[in-house]
Amino acid sequence: MKKLSARRRHPLAAVVVLLLALAATGGLYAFVAPTGKAQAEETAQSLAIDEGKKLYAVGCASCHGTGGQGTSDGPSLVGVGAAAVDFQVGTGRMPAATSQSAQAPDKPVVYSQAEIDQLAAYVASLGAGPSIPTEAEYGPEGADIAKGGDLFRTNCAQCHNFTGKGGALTHGKYAPPLDDVDPKHIYEAMQTGPQNMPSFPDTTLSEQNKKDIIAYLDAVNSDDTESPGGLELGGLGPVAEGLFAWVFGLGALIAVAVWVAARTAKAKKS
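Residues numbered from 1 in each chain as written. Predicted model: local features only at pLDDT ≥ 70, side-chain atom pairs only at ≥ 80, totals over all residues. Heavy atoms only, no water.

Concerning the overall build of the chain
Here's step 1: Across its full length, the chain holds 12 helices and two strands.
Here's step 2: Sequence-ordered secondary structure for the chain, helices as α and strands as β, is α-α-α-α-α-α-α-α-α-β-β-α-α-α.
Here's step 3: The buried share among the 270 residues of the chain stands at 30%.
Here's step 4: Intrachain contacts of the chain at a sequence separation of at least 6 include 59% that bridge at least 24 residues.
Here's step 5: Counting every atom, the chain has about 17400 Å² of accessible surface; 62% of that belongs to carbon and sulfur. (Helix = DSSP H or I, 4+ residues; strand = E, 2+ residues; numbered from the N terminus. Buried < 20%, exposed > 50% of the residue type's maximum accessible area, 1.4 Å probe, protein only. Contact = heavy atoms within 4.5 Å. Areas by Shrake-Rupley, 256 points an atom, 1.4 Å probe, with all protein chains shown as cover.)

In structure tokens, the structure reads:
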């Protein structure tokens, strides 16, 4: 007991206790408080939302409403998610050139990618929705091209043609060609269902399914791909080839028939 009391009265005892207390407090704070990286990310996200709100007020609010609630000139953006913004603005479809057309066509992009990300961050803050996919989700690694072809022909070829060359719909609408579209935007289109297209969420087409479809489109539209049947007429499928056969094939037969009839009539006269 005397030795313990002597140690407590040591001049450095208070310093040691203070150091131990500070170490314990610092360790507890480091464990409980958010890390500096998390705080930095949160701050950057807040700044992106603020900047996106400014861009939205100038370029989008007149059609979609000041709070994204929608107007008679544009649908609500609450809950559409960042992926919808990245697709629509990243392909130039938005801002729309006119509200009178049947659908918004792709055109040169107005905003930089940084501004698109800011707009997407603001719209995403209005309500939960699909996020912008990463390259791991739409990249070719681990994709099954054959499975993608089956999935595309089952779910997409009715509108986009079996090789993604596009096709006409009703009332001036159309399914655009997919041979020169960024894989990220194809993924986002399947995820969000822009304009006339139905959406294919992960419950309908899984992430792997979407990856397979994108890989199939890349394969069939690659410059290195050769048609096993020879001339493919642009890959437009049986409708275009059937029309070619009717116009030129039947026309050739009619020409031959007229020629034979003319020769026969001439022979009878002589």
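Having seen it, we continue.
Quick word on the layout of surface pockets
Here's step 1: By volume, the largest pocket amounts to about 850 Å³.
Here's step 2: Forming the boundary of the largest pocket are 32 residues, of which His64, Gly74, Pro75, Gln88 and Met94 lie nearest the centre.
Here's step 3: Elements with a contribution of two residues or more to the lining of the largest pocket: helix H3 (36-59), helix H4 (61-64), helix H5 (81-90) and helix H6 (113-126).
Here's step 4: No other element matches H5, which puts four residues into the lining of the largest pocket.
Here's step 5: Taken together, 33 residues make up the lining of the second largest pocket; nearest its centre are His160, Pro176, Leu178, Ala189 and Met197.
Here's step 6: Secondary structure elements with two or more residues in the lining of the second largest pocket: helix H8 (145-155), helix H9 (157-160), strand S2 (174-175), helix H10 (183-192) and helix H11 (207-220). (1 Å grid on protein atoms, 1.4 Å probe; cavity = no way out; pocket = protein on both sides within 12 Å on 5 of 7 lines; lining within 4 Å. Points joined across faces, edges and corners; volume = space filled by probe spheres on them.)

Side note on the packing of aromatic side chains
Here's step 1: In the structure shown here, the tally under the stated rule is two aromatic pairs.
Here's step 2: Arranged with centres 5.2 Å apart and planes meeting at 50°, the rings of Tyr56 and Tyr122 form a pair that is tilted. Here Tyr56, found in helix H3, pairs with Tyr122, found in helix H6; they are 66 residues apart in sequence, far enough to count as distant.
Here's step 3: By relative accessible area, Tyr122 is classed as buried at 6%.
Here's step 4: Seen from their ring centres, Phe152 and Tyr216 are 5.7 Å apart, and the 40° between their planes marks the pair as tilted. With Phe152 in helix H8 and Tyr216 in helix H11, the pair connects residues that are 64 residues apart, well separated along the chain. Exposure class is identical for Phe152 and Tyr216. Each is buried. (Phe/Tyr/Trp six-rings, centres within 6.5 Å; stacked < 30°, edge-to-face > 60°.)

Considering the nonpolar core
Here's step 1: In terms of nonpolar packing, the biggest core is built from 15 residues, with Phe152, Ile186, Met190, Leu205, Ile213, Ile214 and Leu217 touching the most fellow members.
Here's step 2: Every element with two or more residues in this core is listed here: H8, H10 and H11.
Here's step 3: Residue contributions to this core peak at four residues, all from H11.
Here's step 4: Those residues in contact with Leu217 that sit more than four places away from it in its chain are Phe152, Thr163, Gly164, Leu178 and Ile186.
Here's step 5: Judged by nonpolar contacts, the second largest core, of 14 residues, contains Leu77, Ala82, Leu119 and Ala120. (Core = buried A, V, L, I, M, F, W, Y, C linked by side-chain atoms within 4.5 Å.)

A few points about H10
Here's step 1: Of all 10 residues that make up H10, nine are buried, and the element is covered over most of its length.
Here's step 2: Listing the buried residues of H10 in full gives Lys184, His185, Ile186, Tyr187, Glu188, Ala189, Met190, Gln191 and Thr192.
Here's step 3: Buried residues belonging to H10 abut H5, H6, helix H7 (135-138) and H11.
Here's step 4: Where H10 begins, the side chain of Asp182 points an oxygen toward the backbone nitrogen of Lys184, at a separation of 2.8 Å.
Here's step 5: Note on H10: the residue one or two positions beyond its end, Gly193, has a positive phi of about 65°. (Polar contact = N/O pair within 3.5 Å; in protein donor to acceptor, adjacent residues only side chain to side chain.)

Concerning a nonpolar patch on the surface
Here's step 1: Taken together, the side chains of Leu243, Phe244, Trp246, Val247, Phe248, Leu250, Leu253, Ile254 and Val258 define a hydrophobic patch exposed on the protein surface, amounting to about 970 Å² of accessible area.
Here's step 2: Take Leu250: it is sitting in helix H12 (residues 238-269).
Here's step 3: By relative accessible area, which is 37% here, Leu250 ends up partly exposed. (Patch = residues over 30% accessible without salt bridge, like charges linked within 9 Å, V, L, I, M, F, W, Y side chains within 5 Å. Salt bridge = Lys/Arg side-chain N within 4 Å of Asp/Glu carboxyl O.)

Without other data, these values stay purely geometric and don't point to any function.
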